[in-house]
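Coordinate inspection notes
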Amino acid sequence: MAQNLHQQLQQASQQIQEAQESARSAQGSDERLLDQAEQQLQQAEQQLQKAQQAGTEATENPQFQQAYEQLHDTRQQIQEAQQNNHDVL
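Right, let's walk through the structure included here. The structure displayed is predicted, hence computed values, not measured ones.

**Topic: the nonpolar core**
If you look at soluble globular proteins, the nonpolar side chains tend to sit buried side by side. Ranked by internal contacts, the top residues of the largest apolar core, which has 19 residues, are Leu9, Ile16, Leu41, Leu48, Ala51, Leu71 and Ile78. Elements that contribute at least two residues to this core include exactly α1 (2-26), α2 (31-52) and α4 (62-88). At 7 residues, the largest contribution of residues to this core is made by α1. For Leu71, the contacting residues outside a window of four places in its chain are Ile16, Leu41, Ala44, Glu45 and Leu48.

**Focus: the packing of aromatic side chains**
Counted under the stated rule, the structure contains 1 aromatic pair. A centroid spacing of 5.9 Å and a plane angle of 20 degrees characterise the contact between Phe64 and Tyr68, whose relative ring orientation is stacked. Residue Phe64 and its partner Tyr68 are located together in helix α4, separated by 4 residues, close to a single helical turn. By relative accessible area, which is 5% here, Phe64 ends up buried.

What counts, and where the lines are drawn
- As a convention, each chain's residues are numbered from 1 in the sequence order in which they are written.
- Local features in this predicted model are restricted to residues whose pLDDT is 70 or higher, and side-chain atom pairs enter the listing and the counts only when it is 80 or higher, whereas totals over whole chains, interfaces and linings include all residues.
- The basis for the side-chain values is all heavy atoms of the structure; hydrogens and waters are excluded.
- Joining through side-chain atoms within 4.5 Å is the link that ties buried Ala, Val, Leu, Ile, Met, Phe, Trp, Tyr and Cys residues into a set, and such a set is a nonpolar core.
- Accessible area is worked out with a 1.4 Å probe on protein chains only. A residue is then buried under 20% of its type maximum, exposed over 50%, and partly exposed in between.
- Numbering of helices and strands starts at the N terminus; helices are DSSP runs of H or I of at least 4 residues and strands are runs of E of at least 2.
- In this description, contact between two residues means that some pair of their heavy atoms is separated by no more than 4.5 Å.
- Side-chain rings of Phe, Tyr and Trp, where Trp is taken by its six-membered ring, are said to pair if the distance between their centres is within 6.5 Å; with planes under 30 degrees apart they count as stacked, over 60 as edge-to-face, and otherwise as tilted.

Pasting the structure below:
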């Protein structure tokens, strides 16, 4: 069970990092990359929700908490980048 949780958290973290990369690459330009980053974040969020269903063992895990914070921060980055893109247009 703990191994499965670790795997889910690992996957979620990786997807969040990929989303962060996409968001950084898209800054001020590419709407498609922002959409891709958004999709990656949604997948990561689903992974975290699956992990959360495992109970408090998951939510008290530092890796889970870190991934959740990264998810939130990255979502804000993407929203800001999208807003900037719309302001430019």
